[in-house]
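The lines below spell out each chain.
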Amino acid sequence: MKYMLLMQFSERDNLPPIDTWPAEDVKAHIQFMYELNNELTSAGELVSGEGLAEPDQARIVRARRGGAPVVTDGPFPETKEFLVGWWIVDVESHERAIELAARISAAPGPDGRPLNMPIEVRQVMAGPPEEL
């Protein structure tokens, strides 16, 4: 079963933005992610995963009938929540996906304290729902 694990930044969690952390804390956080990805790869569970650039580098694109698409800035860091990274894992059970999400949530932050970030867990669908 494939699941997408979505790491979100949320102001509501009182987490300081990563660009305000001391360099050694950023390095420890990235090392945690590197080691996690290596473990998931060795276990045959990692399909893919990436960290994302800051939201100020993102663009929103909307198709427009009969013309060029409309491209705007956003989402903005002032938003309450935004996506900072994701993994697609291929695991034996929903419980294993939850276990991995909890581990990712506890990634180290400033002063090595667990971030306890929200991680959204969503099954990757292989086809339409059976009821269709």
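Scroll up for the structure.
This report concerns the structure included in the present document. (Residues numbered from 1 in each chain as written. Predicted model: local features only at pLDDT ≥ 70, side-chain atom pairs only at ≥ 80, totals over all residues. Heavy atoms only, no water.)

Here's the deal with the environment of Met-125
Short version of the rule: Labels follow the DSSP assignment, with helices taken as runs of H or I lasting at least four residues and strands as runs of E lasting at least two, numbered in each case from the N terminus. For each residue, the accessible area found with a 1.4 Å probe, counting protein chains only, is set against the maximum for its type, and the residue is called buried under 20%, exposed over 50%, and partly exposed in between.
On the secondary structure map, Met-125 appears in the segment after strand E6 (119–123). Under the relative-accessibility criterion, Met-125 is labelled exposed at 54%. It is 30 Å that separates the C-alpha atoms of Met-125 and Thr-72, two residues lying 53 residues apart in sequence.

Some details on the pattern of salt bridges
Convention followed: Any carboxyl oxygen of Asp or Glu that lies within 4 Å of a side-chain nitrogen of Lys or Arg is treated as forming a salt bridge with it.
One pass over the full model with this rule turns up 6 salt bridges. With a closest N to O distance of 2.8 Å, Glu-45 and Arg-96 form a salt bridge. Residue Glu-45 is found in the loop between helix H1 (23–42) and strand E2 (46–51), and its partner Arg-96 is found in helix H2 (residues 94–105); the two are separated by 51 residues along the sequence. When its relative accessible area of 22% is taken as the criterion, Arg-96 is described as partly exposed. A single salt-bridge network, built from bridges that share partners, covers Glu-45, Arg-96 and Glu-99.

A word on the nonpolar core
Note on soluble globular proteins: their nonpolar side chains tend to be buried together. Defined as follows: Joining through side-chain atoms within 4.5 Å is the link that ties buried Ala, Val, Leu, Ile, Met, Phe, Trp, Tyr and Cys residues into a set, and such a set is a nonpolar core. Contacts between residues were defined by any pair of non-hydrogen atoms, one from each residue, lying within 4.5 Å.
In this structure, Leu-5, Met-7, Met-33, Trp-87, Val-89 and Ile-104 are the most contacted members of the largest nonpolar core, which totals 22 residues. Met-33 has contacts with Met-7, Trp-87, Ile-104 and Ala-107, leaving out every residue within four places of it along the chain.

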